[in-house]
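# Coordinate inspection notes
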Amino acid sequence: MSEGEGQATGTVASRLSGYLRGGGIITPLLTALIAFIIGGLVVALTGHNPFTTYKAIFDGSGLNWIFPWITKDDRTTAALNLQQTLIGMTPLILTGMAVAYAFRAGLFNIGGQGQYFAGLYIGVWVGSSFHGLPGVLHILLAVVLGTLAGALWGGIAGLLKATTGANEVITTIMLNYVALWVGVWAFGLGGPLHNAHEKSSPISNSVVKSAQLPVFWGDPELQGLHIGIFVALAALLVFWVLLNRSVAGYEARAVGFNPDAAEYGGIHAGRTYTKVMLTCGAFAGLAGVLDMLGWQHAVATNDIQNAGAVGAGFIGIAVALLGRNTAGGVLVSSLLFGALINGTSVRNLDPAVFPPELAGNLTLIIQGLIVLLVSAPVIVTALYRLRPRRARGEEDAPA
Amino acid sequence: VSRDTERPVLAGWGAVVLALLAFWLALPPVLVRSPVPSLVLALAAAGLGAWAAREGQRRLGWAAVVLAILCAIGALAATRSGQGNLENVVVWSALAAAMLRFATPLVFAALGGVVSERSGVVNIGLEGMMLVGAFFGIYGADLTGSWVGGLLLGMLAGGVLALVHAFFAISLRADQIVSGFAINFLALGLTGYLFLQHYGDNGTPEGLPQVPDVSLPIDWIPFFGPALDKLNLLVWVALLLVFGVWLFVFRTPAGLRLRSVGENPRAAATVGISVYKVRYLAVIASGVLAAMGGAFLSIGFVHSFNQNMTAGRGFIALAVVIVGKWRPVAALAAALLFGFSQALAQRLPVFSESSATLLQALPYVVTLIAVAGLVGRSVPPAADGVPYAKE
């Protein structure tokens, strides 16, 4: 939050550089493991069995589907659960990238949730209007406009940073809440996008059948897995290419590493900030559209208010940090968080083993611990030193 | 200040007063039912503001012009709406009392933010610290059977959570924004977990001890009587703390040390100040203060606890710190402004539910404008957010 962000120690990205540079997957694995162990202690201290609890969460996530010995009814249940996990993972891939790309440019995008909202709102508006448009066109229109809306919402923070130096942490937090209240206003009673047939409940119109994303695994009536996950995976590929094989990504990384040196090398830091935030917003906006067209189909204002603290945009921060802001890392950690959230949901966790309401909060604790552990380079470096000797490199230099 | 700059400044502020007067005329108790006087006044205000802008006071002048336009629209709307509705919504004393009530949690948490950031540690975790204060406040009141016990346990919980943030941010030199963000997640999960574990689906029981209201023998004074007569004790504590924190930060040697650590820790260390100690104390104090704001919510205002009951108030407090430019008294002014907008939002549904909702976004928009430097740039302490490494 300092004005002196010019020096290399100033940006979030450079302060976390020890963590970012460290190769391998040992550090994130250990980080997650420690968080799960502490979470298990909380479970044990409050009089429950952590082992059966984690087993039930694992089964609830449907990840047991991969085991060939799960058969018959168990397999059907596992398939249903896994579909939900992958539905939950889809927006996390995208919001994870929305945070990760900003991090690589030295920006901390806390605004993934607001950008997600922008995509969600435009998605439901387009999806529930323009009746009679052919399905494919309708979906394309919603996806393109929703992505643009997210990009615009993120771009505001980038533009403010570029033109006035306004700290992106503060602007993105504020933009989250502006987006939240605009949604509560627009879809609430008396709002311009409120569903006129619902006199007493504050909810939007529903996305028309033809504009809903097709389901390719499971029953469409039982919220099967929609094709949005392929879009998210394709976006992940775009992210990798953008970051590692494009001029824009090179400039973003250069500015993230040292904005002054990048300027000296002919890169316009301000313009890069704006472009990066537009891109991040586009990822998060896309997440919102896919959720809307894929499974939500309508949004109630209390859903918006609940997401104000624990929505996909916020979990994206944990996803990006644990995934060390790389494409592969985001993929793995979005699966982890998708599974964790789904495995602890009221719908999927066996209440005989552990109360699901408690488990949902356990998930938040584990997320918080992971982010907390990642925040401290000293811990990360210490964990990193546990790696086999031959694999160690320059990371031993003082942070 | 020379006379050349003095007159446009006077004109600018005069324009602000005229604009507000234009709106005030159309509201109770004056309630002029014709829009003409208000519009004439607003026009005069706009002209005066434009003149001030032309004479060099650009920010103030244009702000006055914008305000004049808004007040003209407001006055026009007021003259066109029903007299009964207006008298229902615009009860100045009730609005003032509600403003103070809504501002109080913001004031506590924002004072915490001021203390912490003055020492150079950004505290995004204010929201989480408020939340633990709210939960342990009510849990403590339940446990000890007294609101004092509740308040103390809440403050202790806020201090302990702040200690976690301090340990990561100061000793481990963690990124302060990331660790503060983690604190929010942790607090949300922890309070939700403990709340459901202890109280289940029924919620907190009725009839728990409450922080008492302070009854003053002033109810015969117009406006001030009904506005200030029955406020919660913690509202007064918050107002006193604003003065106390100002006194501490700007008028005591310890406050000077605090500010020096936040502006230039290296220089502070060379004159023998322990940077770590000052920062630890400041962060813990910020957690205790934020938790008092949370405890006010649960055992002073709403009389119950719910999951995520702070609902973003910690972030509004962060906004208050920034709009208040890291100063306690200016922060109070910002908190009162945001409190007033919430008080108004509570009463506006008489006219329209949706416009009341939109008003909730006001604090965030104001903060965006403030950090962008459109109206008086907010500049944080120089070393705010930068971890300090001992030599």
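Rules behind the numbers
Residues numbered from 1 in each chain as written. Chains lettered and ligands numbered in written order. Predicted model: local features only at pLDDT ≥ 70, side-chain atom pairs only at ≥ 80, totals over all residues. Heavy atoms only, no water. Helix = DSSP H or I, 4+ residues; strand = E, 2+ residues; numbered from the N terminus. Rg over C-alpha atoms; globule rule 2.2 N^0.38 Å. Buried < 20%, exposed > 50% of the residue type's maximum accessible area, 1.4 Å probe, protein only. Contact = heavy atoms within 4.5 Å. Areas by Shrake-Rupley, 256 points an atom, 1.4 Å probe, with all protein chains shown as cover. Buried area = accessible area lost by both parts, 1.4 Å probe. Salt bridge = Lys/Arg side-chain N within 4 Å of Asp/Glu carboxyl O. Nonpolar A, V, L, I, M, F, W, Y, C, P; charged D, E, K, R; others polar. pLDDT = per-residue confidence, 0-100. Core = buried A, V, L, I, M, F, W, Y, C linked by side-chain atoms within 4.5 Å. Phe/Tyr/Trp six-rings, centres within 6.5 Å; stacked < 30°, edge-to-face > 60°. Lys NZ or Arg CZ within 6 Å of the ring centre and 35° of its normal. Axes fitted to C-alpha atoms, helices over the stretch in contact; angles between N-to-C directions. Parallel < 35°, antiparallel > 145°, perpendicular 65-115°, else oblique. Expected span 1.5 Å × (residues − 1).

### Regarding the overall build of chain B
- A count of helical and extended segments in chain B gives 17 helices and two strands.
- Relative to the 2.2 N^0.38 estimate, which gives 21 Å for 391 residues, the radius of gyration of chain B is 23 Å and therefore close to what a compact globule would have.
- When the backbone C-alpha atoms are referred to their principal axes, chain B occupies close to 65 × 55 × 40 Å.
- Counting all 391 residues of chain B, 55% fall into the buried class.
- Relative to all contacts within chain B whose residues are 6 or more apart in sequence, the contacts with residues 24 or more apart total 75%.
- For chain B, the accessible surface area stands at approximately 16100 Å², while carbon and sulfur atoms represent 67% of it.

### Quick notes on the interface of chain A and chain B
- In this complex, chain A contributes 56 residues to the contact, which on the side of chain B involves 52 residues.
- Summing both sides of the interface, chain A and chain B together bury roughly 4700 Å²; the carbon and sulfur share of this comes to 77%.
- Connecting chain A to chain B are zero salt bridges.
- Elements supplying a minimum of two residues to the side of chain A that touches chain B: α1 (12-15), α3 (26-45), α7 (135-164), α8 (168-187), α13 (301-310), α14 (312-322), α16 (356-375) and α17 (377-385) of chain A.
- Top element by residues in the side of chain A that touches chain B is α16 of chain A. It accounts for 13 residues.
- Here the side of chain A that touches chain B is composed, by residue class, of 41 nonpolar, twelve polar and three charged.

### Quick word on the confidence of the model for chain B
- Confidence in the prediction for chain B averages 89 pLDDT; 97% of positions are at 70 or higher.
- Reported for the predicted complex are a pTM of 0.89 and an ipTM of 0.86.

### A short note on the side chain of Gln84 of chain A
- Mapped onto the elements of the fold, Gln84 of chain A is located in helix α5 (residues 72-104).
- With near-sequence residues (within four places) excluded, Gln84 of chain A lies in contact with Leu222, Gln223, Asn342, Arg347 and Asn348 of chain A.

### Brief notes about the confidence of the model for chain A
Residue and element names in this part refer to chain A.
- In the predicted model, chain A carries a mean pLDDT of 87, and 88% of its residues have values of at least 70.
- Mean pLDDT across the elements of chain A bottoms out in helix α2 (residues 17-21) (57) and peaks in helix α6 (residues 112-128) (97).
- Within the model, pLDDT remains below 50 along residues 1-9, and this stretch shows 28 contacts once partners closer than five positions in the same chain are excluded.
- Contacts from residues 389-399, a stretch scored under 50 in pLDDT, to residues over four places away or in other chains number eight contacts.

### Quick notes on the pattern of salt bridges
All names here are of chain A.
- Counting across every chain of the model gives four salt bridges over all chains.
- With a shortest N-O distance of 2.7 Å, Asp59 and Lys55 are connected by a salt bridge. Of this pair, Asp59 and Lys55 both sit in helix α4 (residues 50-61), four residues apart, roughly one helical turn.

### Topic: the nonpolar core
- Ranked by size, the top nonpolar core spans 208 residues in total, and within it Leu94, Met97, Ile110, Phe117, Ile173, Phe239 and Phe337 of chain A carry the most contacts.
- Take this core: its biggest share by element is 14 residues, from α5 of chain A.
- When near neighbours in sequence (up to four residues on either side) are disregarded, Leu94 of chain A contacts Ala232, Ala235, Phe283, Ala284, Leu286, Ala287 and Leu290 of chain A.
- In this structure, Ala75, Ala78, Ala356 and Leu359 of chain B belong to the second largest nonpolar core, which totals twelve residues.

### Description of the packing of aromatic side chains
- Counting across every chain of the model gives 29 aromatic pairs over all chains.
- Ring centres of Phe354 of chain A and Tyr193 of chain B lie 6.4 Å apart, and the angle between their planes is 35°; on these two criteria the pair is classed as tilted. Of this pair, Phe354 of chain A sits in the loop between α15 (327-343) and α16 while Tyr193 of chain B sits in helix α8 (residues 176-199), which puts the two residues in different chains.
- Exposure remark for Phe354 of chain A: the relative accessible area of 0% places this residue in the buried category.
- For Tyr193 of chain B, a relative accessible area of 1% translates into the label buried.
- Through successive ring pairs, a cluster of aromatic residues spans Phe135, Phe136, Tyr139, Phe195, Tyr199 and Phe305 of chain B.
- Between Lys161 of chain A and the ring centre of Tyr273 of chain A, over which it is positioned, the NZ or CZ distance is 5.4 Å.

### Things to note about the packing of α5 of chain A against helix α12 (residues 269-296) of chain A
Residue and element names in this part refer to chain A.
- Remark: α5 packs on α12, axes separated minimally by 8 Å, with the N-to-C direction vectors making an angle of 170°. As judged from the angle between their axes, α5 and α12 are roughly antiparallel. On α12, the residues that touch Ile87, Thr90, Pro91, Leu94, Thr95, Met97, Ala98, Tyr101 and Ala102 of α5 are Val276, Met277, Thr279, Cys280, Phe283, Ala284, Leu286, Ala287, Leu290, Asp291 and Trp295.
- Of the residues that constitute the contact of α5 with α12, the class distribution is 16 nonpolar, three polar and one charged.

### As for the environment of Met292 of chain B
All names here are of chain B.
- Structurally, Met292 can be placed in helix α13 (residues 275-301).
- Note on Met292: relative accessible area 9%, which makes it buried.
- Along the sequence, Met292 and Trp62 sit 230 residues apart, while their C-alpha atoms lie 39 Å from each other.
- Not counting the four nearest positions on each side in its chain, Met292 is found in contact with Phe108, Met155, Leu234, Val237 and Leu241.

### Side note on unusual backbone geometry
All names here are of chain B.
- Look at the link from Pro28 to Pro29: it is a cis peptide, with omega at 5°.
- Inspection of the secondary structure assignment puts Pro29 in the loop between α1 (3-25) and α2 (36-54).
- In this model, Phe223 sits at a positive phi of 60°, which is unusual for a non-glycine residue.
- With respect to the helices and strands, the residue Phe223 is situated in the loop between β1 (213-215) and α9 (224-228).
- For Phe223, a relative accessible area of 37% gives the class partly exposed.
- Residues other than glycine seldom take positive phi values, yet Ala311 does so here, at roughly 45°.
- Position of Ala311 relative to the elements: it lies in the loop between α13 and α14 (313-323).

### Points about α6 of chain A
- Spanning 17 residues, α6 of chain A covers 24 Å between terminal C-alpha atoms, matching the ideal 24 Å at 1.5 Å per step.
- Looking at the residues trailing α6 of chain A, positive phi occurs at Phe130 of chain A, about 55°.

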